[in-house]
Amino acid sequence: LLVGFVYRKELSFTLISSLLIYCFYGFTNLFWQYLSKITSMITYFLLKISFLNPIILLDNPEVPFLGSQTFIVAIAAVCSGIESLLLFTFLFLIILIVDWKKLNFKTIIPVYLIGLIGIFLLNSLRIYLLILIGTFISETFALTLFHSAAAMFLFILYFMIFIYISKKFIEK
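These numbers come from a predicted model, not from an experiment.

## Re empty space enclosed by the protein
Alright, step 1. Under the defined criterion, the tally for this structure stands at 1 cavity of 30 Å³ or more.
Alright, step 2. Counted as a void, the largest cavity has a volume near 70 Å³.
Alright, step 3. Contributing to the lining of the largest cavity are S84, I119, L122, N123, R126, A151, L154 and F155.
Alright, step 4. Looking at the lining of the largest cavity, the elements with two or more residues in it are α5 (105–136) and α6 (139–170).

## Points about a nonpolar patch on the surface
Alright, step 1. Nonpolar side chains collect at one region of the surface, where F27, L30, F31, Y34, I38 and M41 lie side by side and expose about 650 Å² of accessible area between them.
Alright, step 2. Ranked by the residues each element gives to the nonpolar patch, the list is headed by helix α3 (residues 32–49), at 3 residues.
Alright, step 3. With respect to the helices and strands, the residue L30 is situated in the loop between α2 (8–29) and α3.
Alright, step 4. Judged by its relative accessible area of 62%, L30 falls in the exposed class.

## What to know about the sheet that holds strand β3 (residues 72–74)
Alright, step 1. With antiparallel pairing, the 3 strands of this open sheet are ordered in space as β1-β2-β3. The open sheet terminates on both sides in strands that have one partner only, identified here as β1 (55–57) and β3. Shown here is a sheet whose adjacent strand axes are inclined to one another by a mean of 20°, direction ignored.
Alright, step 2. Here β1 pairs with strand β2 (residues 65–67) via 3 bridges, running antiparallel. Within the sheet, the bridge partner assigned to L57 lies in β2 and is F65.

## A closer look at the packing of α5 against α6
Alright, step 1. Between α5 and α6, the least distance of the axes is 9 Å, while the angle of their chain directions is 155°. The orientation of α5 relative to α6 falls into the category roughly antiparallel. For the pair α5 and α6, the crossing hand works out as right-handed.

What counts as what
- Residues numbered from 1 in each chain as written.
- Predicted model: local features only at pLDDT ≥ 70, side-chain atom pairs only at ≥ 80, totals over all residues.
- Heavy atoms only, no water.
- 1 Å grid on protein atoms, 1.4 Å probe; cavity = no way out; pocket = protein on both sides within 12 Å on 5 of 7 lines; lining within 4 Å.
- Points joined across faces, edges and corners; volume = space filled by probe spheres on them.
- Helix = DSSP H or I, 4+ residues; strand = E, 2+ residues; numbered from the N terminus.
- Patch = residues over 30% accessible without salt bridge, like charges linked within 9 Å, V, L, I, M, F, W, Y side chains within 5 Å.
- Areas by Shrake-Rupley, 256 points an atom, 1.4 Å probe, with all protein chains shown as cover.
- Salt bridge = Lys/Arg side-chain N within 4 Å of Asp/Glu carboxyl O.
- Buried < 20%, exposed > 50% of the residue type's maximum accessible area, 1.4 Å probe, protein only.
- Pairing = 2+ DSSP bridges.
- Axes fitted to C-alpha atoms, helices over the stretch in contact; angles between N-to-C directions.
- Parallel < 35°, antiparallel > 145°, perpendicular 65-115°, else oblique.
- Left-handed = near helix turned anticlockwise from the far one by under 90°.

Structure follows, in structure tokens:
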């Protein structure tokens, strides 16, 4: 009981942020199929301008399929970008809570929305690279190491660059 009293700010933050993340995740999970289709269409466009003669199948009610003539992947919930959007939101929220006294709240929402769009587009770029690697280098490498490691690496790199650039706009 004494521990709860001493750390009530930290416990409150943890409870509130956990509830927000849970609600956001539940909300976005309702729309992962739409996110998958949008990701597929953006990636299809990237493949098309790369002269790869891509294949896209959006009529499957479960997941869209996308790829080249020799390498096709399903864009399932984990590939739709939900986790990246959720993690981006959580980290952005932590920055808001920790540095709220130094922030200009007039610019936070536009900067946040730009960051969300950027992280979503980055996910499409990741799928594009996965298809290129699966087509030209190795299907096994594309579906194993690259699939999991690239998402983490690209997210960390993007978030670091985003915070560095956006600090100019969100700080007072």
